[in-house]
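Residue-level listing of the chains:
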Amino acid sequence: MSSVQSIYFKLPKTVKEGFFIQYDELTHFYDQLHHHPELQLIYIIEGTGDLFIGDSITPFNDGSLFLIGANQNHLFKSDPSYFDVENAGKSRSISIFFSDESLGNTFFEINELSTIQGLIKRADRGIQFLPGISTKIGARMIRTRGQSGFTKFIRILKILQRLAESTNFKYLADISSTNPPSEEDSRRVNSVINYILKHYKEDIKLETIADIAHYSKAAFCKFFKKRTRKTFCEFLNEVRISQACKQLKKTDKNISRVGYECGYNNISHFNRQFKKFTGLTPREYIKKHENSVTDQSKSHYHEFVDNAFT
C-alpha cells in the first residue's frame, strides 16, 4: 500500500492554461510545509521571513526572487511580528506557476527553448536570483499580471529566458529533491520547524523536540537527519544565526546582545557558529552590510514597485 503524500496544493488553473499567475496579499505567508507539481517563480513584493527548502534556510525580504522546483517541499515563514494581531504589516507576493509538461510533453525540448529547459532542471535544487536581476524581473512579473492570452504567454517565456541566461543566482539546496515526504512526516517536520522558530532563544532540549515529533530521541535524530539532511543541533544553530544576521543588519545592538537574544549565552560560541555558517565574524558581517540597505534605497524600491503596478 503506497504512503499518503505530503501536503499537496492544487492550483486554481484551467487545464488548457500553460502559465498561471497568482497575486497574494496577506498578513503573513502560508507557513505550512507543502508542495505542488508545478514549478513556482515567486517574487516577494513586501514581507520578511525565512524560506525553508531542501536542506537550506534562506532569509527573504522585499525584492527577493526564488524559483522552486516541481514537488519540492517548502515553506515561507514570515517573521514573528507578522503574527502579531496589532501588526499593520503586509505580506505581498506574485507567483508564476507552470509545469514542464503543461505546454506539451516536449515543448521545452525544442532547440529554441533549450536554455529554459536547463533552468527547469536546475530548479530541482531551488534557486535564488540575486539583486540586480530580481527587482527587474519582479517588475516584469507584476506588469504581466494584467495580461492574458498570447501576450502573457510570450512575456512569461521572455522572463524565463532572461533568468535562464543569468549567472546572478545561487542554489538553495546542496542536492536535488523532487520526492516529497508523506503527509505525516510533513506534519512532524512542520511542527518541529515552527517550535524552533518560536523558541530558538531558549535552551531547547532534544527530548522536548523529540516529544513534539512523537519520537524517541534516537528515532527523532534519524528521522530529522533524513528529512533535513542536518542534525537537530546543526538546524537549530542555522536558525539562530539566520536570526542574528537579521538583527545585525537592521539594529545598532552590540554583538554580545544579539548573540544572547538569539540563544547563545557564550559569546565565543556565538562567534564560532556565526563564522561557521556565514564565513564571516559578526563584526565583518556588520561592516559588509552596513551600507547595503538604507532607508532611501527602501523608499526607491517601493516607488519602483508601485510604478510597476501602474
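Residues numbered from 1 in each chain as written. Predicted model: local features only at pLDDT ≥ 70, side-chain atom pairs only at ≥ 80, totals over all residues. Heavy atoms only, no water.

Asks: Tell me what's going on with the sheet that holds strand β5 (residues 65-68), and back it up with residues and numbers.
Replies: Strand order in this open sheet of 6 strands is β1-β7-β2-β5-β8-β9, and the pairing throughout is antiparallel. Two strands bound the open sheet, and with one partner strand each, they are β1 (19-26) and β9 (169-171). Each neighbouring strand pair of the sheet contributes to a mean axis angle of 20°, computed without reference to strand direction. The pairing of strand β2 (residues 39-46) with β5 spans 4 bridges and is classified as antiparallel. Residue pairing across strands places L41 opposite L67, the latter belonging to β5. The strands touched by helix α2 (residues 134-144) within the sheet are β1, β2, β5, β7 (91-98) and β8 (127-129), with β2 carrying the most contacts at an inclination of about 100°. Packing against the sheet, helix α3 (residues 149-165) makes contact with β1, β2, β5, β7 and β8, and its axis sits at approximately 80° to β1. (Pairing = 2+ DSSP bridges. Helix = DSSP H or I, 4+ residues; strand = E, 2+ residues; numbered from the N terminus. Axes fitted to C-alpha atoms, helices over the stretch in contact; angles between N-to-C directions. Contact = heavy atoms within 4.5 Å.)

Asks: Describe the packing of helix α7 (residues 232-250) against helix α10 (residues 282-289), naming the residues involved and giving the relevant values.
Replies: It is the contact of α7 with α10, at a shortest axis distance of 9 Å, that shows an interaxial angle of 50°. Classified by the angle their axes make, α7 and α10 are oblique. Like other packed secondary-structure pairs, α7 and α10 cross with a definite hand, here right-handed. Packed against α7, whose contacting residues are C245, L248 and K249, the element α10 presents P282, Y285, I286 and H289 at the interface. (Parallel < 35°, antiparallel > 145°, perpendicular 65-115°, else oblique. Left-handed = near helix turned anticlockwise from the far one by under 90°.)

Asks: Could you give me a rundown of helix α1 (residues 114-122), with the residues and numbers involved?
Replies: Residues of α1 that are buried: I116, Q117, L119 and I120. End-on view of α1: buried residues confined to an arc of 155°, all on one side of the axis. Against the buried residues of α1 lie β2, β5, β7, β8 and α3. (Buried < 20%, exposed > 50% of the residue type's maximum accessible area, 1.4 Å probe, protein only. Arc of directions from axis to C-beta.)

Asks: I'd love a proper account of unusual backbone geometry, names of residues and values included.
Replies: For N71, which is not glycine, the phi torsion reads 60° and is therefore positive. Located in the positive-phi region is R229, a residue other than glycine, with phi close to 60°. Within the element layout of this structure, R229 appears in the loop between α6 (217-228) and α7. Given a relative accessible area of 31%, R229 falls into the partly exposed group.

Asks: Could you give me a rundown of the pattern of salt bridges, with the residues and numbers involved?
Replies: Once the charged atoms of two side chains with opposite charge are near each other, the side chains can pair. A full pass over the atoms with the stated rule returns 10 salt bridges. Of the charged contacts, one joins E46 and R92 as a salt bridge, the two residues approaching to 3.0 Å between their closest N and O atoms. Of this pair, E46 sits in strand β2 while R92 sits in strand β7, and the two are 46 residues apart along the sequence. With relative accessibility at 22%, the residue E46 sits in the partly exposed group. On the basis of relative accessible area, R92 is assigned to the buried category, the value being 11%. Between E184 and R187 there is a salt bridge whose closest N-O contact spans 2.6 Å. Of this pair, E184 and R187 are both found in helix α4 (residues 183-199), 3 residues apart, which corresponds to roughly one turn of the helix. Look at E184 and you get partly exposed, because its relative accessible area is 32%. Salt bridges here are not isolated pairs; linked through shared partners, they connect D50, D79 and K246. (Salt bridge = Lys/Arg side-chain N within 4 Å of Asp/Glu carboxyl O.)

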